[in-house]
Amino acid sequence: MGEASVVNEKEVQEVKVPSVFKEYRFVLLFLTLLVSSFSVSFFMVATNWYVVDYLGLEAMLGIVFFASSVPRLLFMLIGGVVADRISKAWVMFLSDFLKGVLLLGVIGFLFYDAYTIWPLVALAFVFGILDAFFWPASSAILPETVKEEQLTRANTVIDMTRQGSMIVGPLLAATMLAVGGYVLIFTITAVSLIMAGVIDLLIKKKMPEKREAVHSKGVQRKETMIQAIKGGLAYVRKSPFLLALMTSTIFLNFFFSGPLQLGVPLFSSRILNGDEVTYAFLNGGIAAGMLVGGVGVGLLNIQRKRGLISILAMSSLGLMFLGFSLSTTFISSMFFIILLGVAISVTNIPLIAVIQSHTKREYLGRVMSLTSFASMGLLPVSYLVTSLFLAIGIAIELIMLVSAVGLAVVCFIILFKAKALRTAD
């Protein structure tokens, strides 16, 4: 009897995880990512539709994505080192604030009808650099705002915030485009990013001062940037889980991210004969699915077999992408793209929680940046290949069909070969 009561008491203690919203620093992080996520959603819809509909340069959409992804890739490792060395909140502030200022400059181009493809490509390039510093910092700061047992739920809340903004954001963006055009939407996006920057400064005030790492003899360690990056790589090489994860994401994103991101606006226009509202609904469909998947993961607060669950969800991505590429009606397209979103969340959230739980804090910024670096490794190539196929006249639905088959094959290999990923808790 006494033994059973002890077990029950332990179970109650495990179940009663404090709400993440009781953590003040997390609330501030939630608010800044909420505003920032809406800004990203507005910017993405406005930019993509501007290229496809206003400029009529469908094949150039891949060049815009390429221009933003290459600097993200090149500067991501540096961004991770910076996040480990200085205030993460300060890095987030600079990124949000500078993006807001740049968008205010874009409004001047729009007034004079000078916002052509090349200024847009240049803007995408600068945004890519700023994002390369923002995302490692925002991912690495999360464990500093909550307790360890709250990490899975905290990641779920942040993921749901981003996905919720991607549901509502495209619809708001489509409304703003219809009512006030591109000037209105870029103005609102710029103001939102500057607001996010202000919240970043509030987070900085509430974070403890960053201490420099010291050797055992008490001497301050002064690593060069290259040494710090090498240290991060050495840390990853010692982890079979991280190596398996990064190898897998390289190939997954080649077959998935490029064709999907370029495909959705073109699919909306060409296959479904839709407008910006159709595109907004498809974007919202992905986000709605990701929100549902995130809610499921958060409610279950998965702590065991997270690697296996992620791989099974990953395996379903290929099937959902295949179904979407074969769709010819709005209803069937929405059905498959929502399920696609569910699979994305169930794949990503548990794996991020595993990384954050088992990575030393002094390496977390670099590990998160290396994970992002791996996921984007072949992404620029994916954008360029997709654009090349579009330029020579290959239909977007055929490109997505072939990509979906490739994705399914890669997922099948990961399921049976990546043991370290499959067995990760």
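Everything numeric here is computed off the predicted structure, so don't read it as measured data.

**Things to note about the overall build of the protein**
- The helix and strand inventory of the protein stands at 15 helices and zero strands.
- Burial statistics for the protein: of 425 residues in total, 52% are counted as buried.
- Counted over contacts in the protein with a minimum sequence separation of 6, partners at least 24 positions apart contribute 87%.
- Split by element, the accessible area of the protein, about 19,000 Å² in all, is 69% carbon and sulfur.

**Comments concerning the packing of helix H4 (residues 88-111) against helix H5 (residues 117-141)**
- At a closest axis distance of 8 Å, the pairing of H4 and H5 adopts a crossing angle of 160°. In terms of orientation, H4 and H5 fall into the roughly antiparallel class. Every pair of crossing elements has a handedness; the one defined by H4 and H5 is left-handed. Side by side, H4 and H5 meet where Lys88, Ala89, Val91, Met92, Ser95, Asp96, Leu98, Lys99, Leu102, Leu103, Val106 and Phe109 of the first sit next to Pro119, Leu123, Val126, Phe127, Leu130, Asp131, Phe133, Phe134, Ala137, Ser138, Ala140 and Ile141 of the second.

**Examining the pattern of salt bridges**
- Enumeration according to the criterion identifies two salt bridges in this entry.
- One salt bridge in this structure joins lysine 88 and glutamate 144, with 2.9 Å as the shortest N-O distance. Of this pair, lysine 88 sits in helix H4 while glutamate 144 sits in the loop between H5 and helix H6 (151-206), placing them 56 residues apart in sequence.
- The exposure class of glutamate 144 is partly exposed, given its relative accessible area of 30%.
- Between lysine 99 and aspartate 131 there is a salt bridge, with the nearest N and O atoms lying 2.7 Å from each other. With lysine 99 in helix H4 and aspartate 131 in helix H5, this pair connects stretches of sequence that are 32 residues apart.
- Looking at aspartate 131, the relative accessible area reads 7%, which means it is buried.

**Points about unusual backbone geometry**
- Of note, aspartate 113 is a non-glycine position whose phi angle comes to about 55°, a positive value.
- Position of aspartate 113 relative to the elements: it lies in the loop between H4 and H5.

**Structural notes on the side chain of serine 403**
- Tracing the chain through its elements places serine 403 in helix H14 (residues 396-417).
- For serine 403, the contacting residues outside a window of four places in its chain are Phe255, Pro259 and Phe321.

**Section: the nonpolar core**
- Leu103 and Phe186 are the most contacted members of the largest nonpolar core, which totals 83 residues.
- For this core, the element with the most residues is helix H8 (residues 240-271), which contributes eleven residues.
- Apart from the residues within four sequence positions on either side, leucine 103 is in contact with Phe43, Leu123, Phe127, Phe186, Thr189, Ala190 and Leu193.

**What about H4?**
- Relative to the 34 Å expected for 24 residues at 1.5 Å per residue, H4 spans 36 Å between its end C-alpha atoms, a close match to the ideal helical length.
- Immediately downstream of H4, the backbone of aspartate 113 shows phi near 55°, a positive value.

**Quick look at the confidence of the model for the protein**
- With 84% of its residues at a pLDDT of at least 70, the protein reaches an overall mean of 77.
- In the model of the protein, helix H1 (residues 2-15) stands out as the element of lowest mean pLDDT, 44, in contrast to H4, which has the highest, 89.
- In the model, residues 1-15 has pLDDT below 50 throughout and makes one contact with residues more than four positions away in sequence or in other chains.
- This stretch, residues 211-220, has a pLDDT under 50; its non-local contacts, to residues over four places away or in other chains, come to nine contacts.

**Description of the packing of aromatic side chains**
- With the rule as written, the count across this model stands at 16 aromatic pairs.
- On the numbers, 5.8 Å between centres and 70° between planes, the contact of phenylalanine 21 with phenylalanine 26 is edge-to-face.
- With a centroid separation of 5.3 Å and an interplanar angle of 90°, the aromatic rings of phenylalanine 21 and phenylalanine 30 are classed as edge-to-face.
- Taking relative accessible area as the criterion, phenylalanine 30 reaches 18% and is therefore assigned buried.
- A network of ring pairs unites the aromatic residues Phe43, Tyr50, Tyr54, Tyr115, Phe127, Tyr182 and Phe186 as a single cluster.
- Above the face of the phenylalanine 127 ring, lysine 99 is positioned so that its terminal group lies 5.9 Å from the ring centre.

**Description of a nonpolar patch on the surface**
- On the surface, a cluster of nonpolar side chains totalling about 540 Å² of accessible area is made up of Ile86, Trp90, Leu94, Phe97, Leu98, Val101 and Leu201.
- A per-element tally of the nonpolar patch places H4 first, with five residues.
- Following the sequence through the fold, leucine 201 ends up in helix H6.

**Comments concerning the side chain of serine 39**
- Note that serine 39 resides in helix H2 (residues 24-54).
- Taking relative accessible area as the criterion, serine 39 reaches 1% and is therefore assigned buried.
- When near neighbours in sequence (up to four residues on either side) are disregarded, serine 39 contacts Thr189, Ser192 and Leu193.

**Comments concerning the environment of alanine 83**
- For alanine 83, the position within the fold is in helix H3 (residues 61-85).
- The spacing of alanine 83 and serine 369 is 286 residues in sequence and 9.2 Å in space, taken between C-alpha atoms.

**Observations concerning the packing of H3 against H5**
- For the pair H3 and H5, the least separation of the axes is 6 Å and the interaxial angle reads 25°. In terms of orientation, H3 and H5 fall into the roughly parallel class. Here the hand of the crossing between H3 and H5 comes out right-handed.
- Across the contact of H3 with H5, the residue classes break down as 19 nonpolar, four polar and two charged.

About the criteria used
Each residue is numbered by its place in its chain's sequence as written, counting from 1. Owing to the predicted nature of the model, reporting of local features is limited to residues with pLDDT of at least 70; listing and counting of side-chain atom pairs is limited to 80 or more, with chain, interface and lining totals taken over all residues. Side-chain numbers here rest on the full set of heavy atoms in the structure, without hydrogens or water. A run of H or I in DSSP becomes a helix once it reaches four residues, and a run of E becomes a strand once it reaches two; helices and strands are each numbered from the N terminus. Burial classes: relative accessible area under 20% of the type maximum marks a residue as buried, over 50% as exposed, and values in between as partly exposed (1.4 Å probe, protein chains only). Here, residues are in contact when the closest pair of their heavy atoms is within 4.5 Å. Computed with the Shrake-Rupley method and a 1.4 Å probe, the accessible areas treat only the protein chains shown as cover for residues. Axis geometry follows a simple rule: fit a line to the C-alpha atoms, using only the stretch in contact for helices, then measure angles between N-to-C directions, giving values from 0 to 180 degrees. In these notes the angle categories are as follows: under 35 degrees is roughly parallel, over 145 is roughly antiparallel, 65 to 115 is roughly perpendicular, and the rest is oblique. Helix crossings are classified by the rotation of the near helix relative to the far one: an anticlockwise turn of less than a right angle makes the crossing left-handed, while a clockwise turn makes it right-handed. Each reported salt bridge corresponds to a side-chain nitrogen of Lys or Arg within 4 Å of a carboxyl oxygen of Asp or Glu. Remark: nonpolar core denotes a set of buried residues (Ala, Val, Leu, Ile, Met, Phe, Trp, Tyr, Cys) joined through side-chain atoms within 4.5 Å. Every helix has an expected span of 1.5 Å times one less than the residues it contains. Within a predicted model, pLDDT stands for the predictor's per-residue confidence, ranging from 0 to 100. Whether two aromatic rings pair depends on their centres lying within 6.5 Å, for rings of Phe, Tyr and Trp, where Trp uses its six-membered ring; planes under 30 degrees apart make the pair stacked, over 60 edge-to-face, and the rest tilted. Remark: a charge is flagged as sitting over a ring if the NZ atom of Lys or the CZ atom of Arg is within 6 Å of the ring centre and within 35 degrees of the ring normal. Note that patches include only residues with greater than 30% relative accessible area and no salt bridge, and the join distances are 9 Å for like charges and 5 Å for nonpolar side chains (Val, Leu, Ile, Met, Phe, Trp, Tyr). In this classification, the charged set is Asp, Glu, Lys and Arg, the nonpolar set is Ala, Val, Leu, Ile, Met, Phe, Trp, Tyr, Cys and Pro, and all remaining amino acids, among them Gly, are polar.

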